[in-house]
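Residues per chain are reported as follows:
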Number of protein chains: 2
Amino acid sequence: MSQSLDLKSAGLKSTLPRLKVLSLFESGNECHLSAEDVYKKLLAGGEDIGLATVYRVLTQFEQAGLLIRHHFQGDKSVFELNQGKHHDHIVCLQCGVVEEFYDATIESRQKKAAADRGFAMHDHSLYIYADCTKLKCPNNPFKKSLP
Amino acid sequence: MSQSLDLKSAGLKSTLPRLKVLSLFESGNECHLSAEDVYKKLLAGGEDIGLATVYRVLTQFEQAGLLIRHHFQGDKSVFELNQGKHHDHIVCLQCGVVEEFYDATIESRQKKAAADRGFAMHDHSLYIYADCTKLKCPNNPFKKSLP
DNA sequence: AACAATAATGAGAATGATTATCATTCGCAA
DNA sequence: TTGCGAATGATAATCATTCTCATTATTGTT
Ligand SMILES: [Mn+2]
Ligand SMILES: [Mn+2]
Ligand SMILES: [Zn+2]
Ligand SMILES: [Zn+2]
């Protein structure tokens, strides 16, 4: 019952819907999911849950620091498990595959850019939109759900 | 009639609504405007235009390369005149003031991050969310329209 | 284990941004 | 000027997300 503890230490009651959503993110290697993705995946897995609850839980998990919200190009938010290691994202415009990367130089220069101009950086978002040149397209499980 | 030519060379007919929107971006130093901002500013200036037309024209201008669309944190798109010089943005979370910056090292490391992983970068977005530490808040004209 | 206080859920309505419809109007070339 | 295809704008529709509120579940306490 480790997830139950995860929720409690986040100040959230351990409820069935919350456990289902958390399990989905923890079990899967499909890391970047929209609310609709989560809802459909749970239904497809035989779990019952309401869409409004999915939206609520995702927002609560984000506020609790369990999930990170992203705004990739397009209208809907996507979420990933917060594993404590900050990274940025490369998104293939053809197939939607997402690859993560971290560049210490970029990170430090961002902070400096803000500081030099009298801003205290709270957060930042860096998304690289690219073409994976077909290296990864064929076997990307998200291919179908692209705009 | 230089704007008329701007439109023609972009493959767009020179119409009154398009000229009004283009003028607003070219004349103003308030660079980052949402569709609603554009609509209200034109109405406030005595110009008549439909909201649907504003949305259409903004998208057309974006596709023609006249404007650049941004997705700052929040739901609505904001647009700025494309003046040919790429830059990234720092957005104050308190007052909404936007400051532009350019860091050649960040730019080149982004391209390298993509290339190293087999991606051809098409585009990227980098937004720094910060606190302007009250240096700029008081006189930011956008202060009122924050979430 | 059953209870009560309280928070969580979920079906559906409401919202806000954006897009689609379609009858009317306009720009432009002949 | 005339005509035709493109553009406009009032309105309806759409899409993601949030809100409402009656019902249900969780948890600490008998
Ligand atoms: Mn980063
Ligand atoms: Mn940049
Ligand atoms: Zn791809
Ligand atoms: Zn400020």
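Residues numbered from 1 in each chain as written. Chains lettered and ligands numbered in written order. Predicted model: local features only at pLDDT ≥ 70, side-chain atom pairs only at ≥ 80, totals over all residues. Heavy atoms only, no water.

## Notes on the coordination of the manganese ion (ligand 1)
Residue and element names in this part refer to chain A.
- Surrounding the manganese ion (ligand 1) are the protein donor atoms His 86 (NE2), Asp 88 (OD), Asp 88 (OD), Glu 107 (OE) and His 124 (NE2), at 2.1 to 2.5 Å.
- For the manganese ion (ligand 1), the donor residues sit on a single chain with the sequence spacing H-x1-D-x18-E-x16-H. Of this pair, His 86 sits in the loop between strand S3 (78-81) and strand S4 (88-92) while His 124 sits in strand S6 (residues 120-131), and the two are 38 residues apart along the sequence. (Donors = N, O, S within 2.8 Å, 3.2 Å for Na, K, Ca; no water. Helix = DSSP H or I, 4+ residues; strand = E, 2+ residues; numbered from the N terminus.)

## A closer look at the pattern of salt bridges
- Evaluation of the coordinates by the stated rule reveals 10 salt bridges over all chains.
- With its nearest N and O atoms 2.6 Å apart, the salt bridge here joins A:Asp103 to B:Arg109. Residue A:Asp103 is located in the loop between strand S5 (98-101) and helix H5 (104-116), and its partner B:Arg109 is located in helix H5 (residues 104-116); the two belong to separate chains.
- As a salt-bridge pair, A:Lys112 and A:Asp116 come within 3.0 Å of each other at their nearest N and O atoms. Of this pair, A:Lys112 and A:Asp116 both sit in helix H5, 4 residues apart, which is roughly one turn of the helix.
- Judged by its relative accessible area of 45%, A:Lys112 is partly exposed. (Salt bridge = Lys/Arg side-chain N within 4 Å of Asp/Glu carboxyl O. Buried < 20%, exposed > 50% of the residue type's maximum accessible area, 1.4 Å probe, protein only.)

## Some points on the relation of the copies chain A and chain B
- Note on the copies: chain A fits chain B at an RMSD of 0.1 Å, the axial shift is 0.0 Å, and the rotation between them is 179°. Those values place the two copies in the arrangement expected of a two-fold rotation axis. Of the C-alpha atoms belonging to chain A, the one lying closest to the rotation axis is found on A:Leu126, 2.2 Å away.
- An overlap of 97% is found between the interface residues of chain A and their copies at the interface of chain B, pointing to a shared contact surface. (Least-squares fit on C-alpha atoms with pLDDT ≥ 70 in both. Contact = heavy atoms within 4.5 Å.)

## Thoughts on the protein's contact with DNA strand C
- Near DNA strand C lie 17 residues; those nearest to it are A:Thr15, A:Thr53, A:Arg56, B:Tyr55 and B:Ser77.
- Among the atoms of DNA strand C close to the protein, meaning within 4 Å, 69% are from sugar or phosphate groups.
- Between A:Gly50 and DNA strand C, the recorded distance is 3.2 Å, taken from a backbone N or O atom to a phosphate oxygen.
- Secondary-structure elements contributing two or more residues to the surface near DNA strand C are helix H2 (16-27) and helix H4 (51-63) of chain A together with helix H4 (51-64) of chain B.
- Its residues placed into classes, the surface near DNA strand C shows 6 nonpolar, 5 polar and 6 charged. (Near = heavy atom within 4 Å. Polar contact = N/O pair within 3.5 Å; in protein donor to acceptor, adjacent residues only side chain to side chain. Nonpolar A, V, L, I, M, F, W, Y, C, P; charged D, E, K, R; others polar.)

## Remarks on the coordination of the manganese ion (ligand 2)
- Only B:His86 (NE2), B:Asp88 (OD), B:Asp88 (OD), B:Glu107 (OE) and B:His124 (NE2) from the protein reach the manganese ion (ligand 2) as donors, at distances of 2.0 to 2.5 Å.
- Read in sequence order, the donor residues for the manganese ion (ligand 2) give the motif H-x1-D-x18-E-x16-H.

## Quick word on the packing of aromatic side chains
Residue and element names in this part refer to chain A.
- Per the stated rule, a full pass over the model turns up 2 aromatic pairs over all chains.
- Where Phe 72 meets Tyr 127, the ring centres are 5.1 Å apart and the plane angle is 85°; that geometry is what we call edge-to-face. Taken as a pair, Phe 72 in the loop between strand S2 (67-70) and S3 and Tyr 127 in strand S6 lie far apart in primary sequence, 55 residues in all. (Phe/Tyr/Trp six-rings, centres within 6.5 Å; stacked < 30°, edge-to-face > 60°.)

## Some remarks on the confidence of the model for chain A
Residue and element names in this part refer to chain A.
- Residue-level pLDDT values for chain A average 90, and 90% of them are 70 or greater.
- Averaged over each element, pLDDT in chain A is lowest for helix H1 (residues 2-9) (82) and highest for H4 (98).
- Contacts for the low-pLDDT stretch residues 142-147, under 50 throughout, to residues beyond four places or in other chains number 12 contacts. (pLDDT = per-residue confidence, 0-100.)

## With respect to the sheet that holds strand S3 (residues 78-81) of chain B
Residue and element names in this part refer to chain B.
- Spatially, S1-S3-S2 is the arrangement adopted by the 3 strands of the open sheet, whose pairing is antiparallel. Two strands close off the open sheet at either side, each with one partner strand: strand S1 (33-34) and strand S2 (67-70).
- Most of the contacts of helix H2 (residues 16-27) go to S3, to which it runs at about 75°, and overall it touches S1, S2 and S3.
- Sheet contacts for H4: S2 and S3; angle to S2, the most-contacted strand, approximately 110°. (Pairing = 2+ DSSP bridges. Axes fitted to C-alpha atoms, helices over the stretch in contact; angles between N-to-C directions.)

## Describing the protein's contact with DNA strand D
- Lining the immediate environment of DNA strand D, one finds 17 residues, of which A:Tyr55, A:Ser77, B:Thr15, B:Thr53 and B:Arg56 sit closest.
- Close to the protein, within 4 Å, the atoms of DNA strand D belong to sugar or phosphate groups at a rate of 67%.
- In this structure, A:Tyr55 approaches DNA strand D through a side-chain N or O atom, which is 2.7 Å from a phosphate oxygen.
- Measuring from a sugar or linking oxygen of DNA strand D, one finds a side-chain N or O atom of B:Lys13 at 3.2 Å.
- If you list the elements that add at least two residues to the surface near DNA strand D, you get H4 of chain A together with H2 and H4 of chain B.
- Partitioned by chemical class, the residues of the surface near DNA strand D number 6 nonpolar, 5 polar and 6 charged.

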